[in-house]
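Notes for the structure review
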Amino acid sequence: MARRFQLIALLGASAASCNALSMHRKQGIGNQFTRSNFIYSTASAVFFADMSCLVAGAPEACAAGDNPRYLESEVQMKYGDGPDGNPRTRGVVVRRFTGDSTPYKFPAPSPVRLVKEWPDEPPFAKQDFFRADEGDDENFYTLPRLVYHIDEPAVASLTQYYRANIPAGSKILDICSSWVSHYPLEFKDTMKQISGTGMNPLELMANDQFTDYEARNLNVNPKLPYEDNTFDAVTCVVSIDYLTKPIEILKEVRRVLKPGGKVIISQSNRCFPSKAISMWLNMNDRQHLELINGYLKYAGFGPAKAYDITASVPGQPYNDPMFIVEVSK
């Protein structure tokens, strides 16, 4: 049965003074609504063609200290409404972490020394990239997961790292992305371009920071749909463990990066075990960082640097760790 999807987000004035609203649509589909059309709106619902999304953003006047801790919205997905379909609507209230106005502390990034010496040729066997669930990834990701896969302190630490390490005016690509990219709220206004690729088009549509996006299964087609030397930074958040062709994909990342541009790969210790590759599941956090460094070496990058940027949470003995592996072209 053919499916047609619609995505609606109904947002209230939960962001206080930072309650600017805007709608982003896939690049090339009509004219975008400007943020001024929706500033200080309390709620709205929009349909556009087969899919549409109304999302919350931050006005230019909002500095990091003024940002709310959360942005809340109600998202509804309607599908099966074609002539042969069985119309159904699924709604969910989502809360976005902004990474700001939290009680967490963010120590200076702690360097992690990468010591594994990789041979000249990749030592990986085919079975290293096997997964418990070898079923179609597109079926696995058919319905959008408008949730977080890491906890709020891990999200906030990554947001602060991006703020400190990606300069204003950059062009950014977020691969393996979803409805959030963990970028600071102001990036929507201060960056020249924020592009995204990911498995689920509805999740990408709900990401209000993108200037453009394209849904793509990189395990099937590891080519990135961008010209050479386009981006100043490419990010990948807790997703490298799902890639069955990571070296090919990182070669593409290197191709689309400008000379001097950097790739920032972040990793925690959570995953969908059925979709993570087998060798990843048999490694610890430190080995994961070494493996990512190996991937980057075989993709043509120089030696990478790794950091532990885990946030400190007062009164809480454990929270999700957050690690960075980055390297410049």
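Structure: above.
Below is a summary of the structure that appears in this document. (Residues numbered from 1 in each chain as written. Predicted model: local features only at pLDDT ≥ 70, side-chain atom pairs only at ≥ 80, totals over all residues. Heavy atoms only, no water.)

The helix and strand tally for the protein stands at seven helices and 13 strands. The buried share of the protein, reckoned over its 329 residues, is 53%. Partitioning the contacts of the protein with sequence separation of at least 6, the portion at a separation of at least 24 is 74%. Carbon and sulfur atoms make up 50% of the accessible area of the protein, which amounts to about 14,700 Å² in all. (Helix = DSSP H or I, 4+ residues; strand = E, 2+ residues; numbered from the N terminus. Buried < 20%, exposed > 50% of the residue type's maximum accessible area, 1.4 Å probe, protein only. Contact = heavy atoms within 4.5 Å. Areas by Shrake-Rupley, 256 points an atom, 1.4 Å probe, with all protein chains shown as cover.)

Spatially, eight strands are ordered β6-β12-β13-β11-β10-β7-β8-β9 in an open sheet, and the strand pairing comes out mixed. Where the open sheet ends on each side, the last strands, each with one partner, are β6 (110–112) and β9 (212–215). Adjacent strand axes in the sheet meet at a mean angle of 20 degrees, parallel and antiparallel pairs treated alike. Bridge analysis of strand β7 (residues 171–175) against strand β8 (residues 193–198) gives four bridges, and the strand direction is parallel. Directly across from Asp174, in β8, lies its bridge partner Gly196. Its contacts with the sheet place helix α5 (residues 246–256) against β7, β10 (231–237) and β11 (257–267), and it is angled at close to 140 degrees to β11. (Pairing = 2+ DSSP bridges. Axes fitted to C-alpha atoms, helices over the stretch in contact; angles between N-to-C directions.)

This part is about the layout of surface pockets. There is about 640 Å³ of room inside the largest pocket. In terms of lining residues, the largest pocket is bounded by 33 residues, among which Tyr141, Cys176, Ser177, Ser239 and Tyr242 are the most central. Of the residues assigned to the lining of the largest pocket, the class counts are 15 nonpolar, 10 polar and eight charged. (1 Å grid on protein atoms, 1.4 Å probe; cavity = no way out; pocket = protein on both sides within 12 Å on 5 of 7 lines; lining within 4 Å. Points joined across faces, edges and corners; volume = space filled by probe spheres on them. Nonpolar A, V, L, I, M, F, W, Y, C, P; charged D, E, K, R; others polar.)

With 14 residues, helix α7 (residues 285–298) ought to run about 20 Å at 1.5 Å a step, and its terminal C-alpha atoms sit 20 Å apart, in line with that. A large share of α7 lies buried, amounting to 10 of its 14 residues. Within α7, the full set of buried residues consists of His288, Leu289, Glu290, Leu291, Ile292, Asn293, Gly294, Tyr295, Leu296 and Tyr298. On its buried side, α7 packs onto β6, α5, β11, α6 (278–281), β12 (305–308) and β13 (323–328). Structurally, the start of α7 carries an N-cap: the backbone nitrogen of Arg286 is 3.1 Å from a side-chain oxygen of Asn284. Among the residues trailing α7, Gly300 stands out with phi positive, at a value near 105 degrees. (Expected span 1.5 Å × (residues − 1). Polar contact = N/O pair within 3.5 Å; in protein donor to acceptor, adjacent residues only side chain to side chain.)

Moving on: empty space enclosed by the protein. Taken as a whole and judged by the stated rule, the model has three cavities of 30 Å³ or more. In this structure, the second largest cavity is lined by 13 residues; those nearest its centre are Arg96, Val180, Ser181, His182 and Gln209. Within the lining of the second largest cavity, the residues separate by chemical class into five nonpolar, six polar and two charged.

On to the environment of Lys171, then. Here Lys171 is to be found in strand β7. When its relative accessible area of 26% is taken as the criterion, Lys171 is described as partly exposed. Along the chain, Lys171 and Thr230 lie 59 residues apart, while their C-alpha atoms are 7.4 Å from each other. Residues within four places of Lys171 in sequence aside, it is in contact with Lys192, Gln193, Thr230, Phe231, Asp232, Ala233 and Lys258.

Phe124, Ile175, Val253, Tyr295 and Leu296 are the most contacted members of the largest nonpolar core, which totals 39 residues. Broken down by secondary-structure element, the contributors of at least two residues to this core are β7, β10, α5, β11, α6, α7 and β13. (Core = buried A, V, L, I, M, F, W, Y, C linked by side-chain atoms within 4.5 Å.)

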